[in-house]
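Chain residues, written in single-letter form:
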Amino acid sequence: IKKIAVMTSGGDSPGMNAAIRSVVRACAYYRTECVGIYRGYQGMIEGDMIPLTARSVNNIVHKGGTILKSARSKDFRTKEGRKKAYENLKENNIDALVVIGGDGSFTGGVVFNKEYNFPIIGIPGTIDNDIFGTTHTLGYDTALNTAVDAIDKIRDTASSHNRLFFVEVMGRDAGFIALNAGVGAGAEEILIPEEDLGLDRLLESLKKSRRAGKSSSIVVVSEGDKTGRNVFELADYVEENLEDYEVRVSVLGHMQRGGTPSCFDRVLASRMGVKAVELLIDGKTNLMVGLQNNEIQTIDLEKAIKGQNDINRELLRVSDIMTT
Ligand code: ATP
């Protein structure tokens, strides 16, 4: 392996820059050339690339977003698109690729590897933490802290006005952000896709907390929750079915994807980037680097794509006990 390309693909997340920096510096350390590809697979098809040296990645470890930009590429889903991408890689003498992204990006990588036998290592970058084979994806910890910070602020106004707040957090079909931010911020109820508690149970719980003397409450709702109602409809339902409740809704949205990465995410990114480069230099391919028991481990990319991370049941129980 003489030249490694790195790119960010799919949804962005805090810590991607720290991972790019790590890949670039590890390449420099092992005297391997490194190239950055802009806008994920789309940039690969268009030949939008830049040589990166250890000094190209100064002052980015603390920055949110991704200096290489990210994109979704329809063209890469076609054979012709991938052929063009392969030709560009060959033309630039690139012989391996590090993809920082989510399961869609890994699927693209596996398809590409099958067609062209091109060495690929994945680094899981998404705030949703919905990738199998790692307890933490890059950006998840930062997003959690952002969400908790926002919910703390909402609590101040909720308690001043004795209001009930429904706060929607991101996570797509996974409830990791909701469950952890909910417990961390002391939410009254947490609605996640993995566990449909039902609306009756929600009403009951809110009534109970009122009886117990609580005058304001926060309900954290994951964007993918399975109540069959969106967060605004949920709030209406509760207002209609409970007496004397003033309900408000706050959707945190894309702020959760931005911001300065936490120290945890920066350290994780640094470790994953180094491991990705070392694997490629060792002749490995089709692996994702992940964190397990605080060690950097690897898992087959295809397993990472197909597997599903389970929610922490103990945390559900703790959450229940905390709302007593
Ligand atoms: P996130 O989950 O954070 O949004 P992601 O990596 O899952 O990130 P996707 O949009 O699903 O984001 O995938 C990123 C890109 O990977 C797609 O735009 C496409 O170019 C490529 N890709 C995904 N699936 C395939 C596939 N089956 N074949 C070829 N390319 C694919």
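Please refer to the structure higher up on the page.
Residues numbered from 1 in each chain as written. Predicted model: local features only at pLDDT ≥ 70, side-chain atom pairs only at ≥ 80, totals over all residues. Heavy atoms only, no water.

1. Here we look at the environment of threonine 8
Here comes step 1: Looking at where threonine 8 falls in the secondary structure, it is placed in strand E1 (residues 3–8).
Here comes step 2: Threonine 8 sits in the buried class, given a relative accessible area of 0%.
Here comes step 3: Remark: the alpha-carbon pair of threonine 8 and glycine 102, spanning 94 residues in sequence, is separated by 9.4 Å.
Here comes step 4: Once residues lying within four places of it in the same chain are set aside, the contact partners of threonine 8 are Met16, Ile20, Arg39, Gly40, Thr66, Leu68, Lys69, Ser70 and Ile100.
Here comes step 5: Side-chain polar atoms of threonine 8 contact the side chain of threonine 66, separated by 2.8 Å.
Here comes step 6: Engagement of the side chain of threonine 8 in a polar contact is seen with the backbone oxygen of lysine 69, the distance being 2.8 Å. (Helix = DSSP H or I, 4+ residues; strand = E, 2+ residues; numbered from the N terminus. Buried < 20%, exposed > 50% of the residue type's maximum accessible area, 1.4 Å probe, protein only. Contact = heavy atoms within 4.5 Å. Polar contact = N/O pair within 3.5 Å; in protein donor to acceptor, adjacent residues only side chain to side chain.)

2. Side note on the site of the ligand
Here comes step 1: Neighbouring the ligand are 18 residues; Arg72, Ser73, Gly104, Ser105 and Arg172 lie closest to it.
Here comes step 2: For the ligand, an oxygen atom lies 3.3 Å from a polar atom in the backbone of glycine 11.
Here comes step 3: With respect to the ligand, the side chain of arginine 72 contributes an N or O atom lying 2.4 Å from an oxygen atom.
Here comes step 4: Taking 630 Å² as the accessible area of the ligand by itself, protein coverage stands at 87%. (Near = heavy atom within 4 Å. Areas by Shrake-Rupley, 256 points an atom, 1.4 Å probe, with all protein chains shown as cover.)

3. Brief notes about the packing of helix H1 (residues 16–29) against helix H9 (residues 263–281)
Here comes step 1: At a minimum axis separation of 7 Å, H1 and H9 run at an interaxial angle of 40°. Looking at the two axes, H1 sits oblique to H9. Between H1 and H9 lies a crossing of right-handed hand. Residues Ala18, Ala19, Arg21, Ser22, Val23, Ala26 and Cys27 of H1 lie in contact with H9, whose contacting residues are Arg266, Ala269, Ser270, Gly273, Val274 and Val277. (Axes fitted to C-alpha atoms, helices over the stretch in contact; angles between N-to-C directions. Parallel < 35°, antiparallel > 145°, perpendicular 65-115°, else oblique. Left-handed = near helix turned anticlockwise from the far one by under 90°.)

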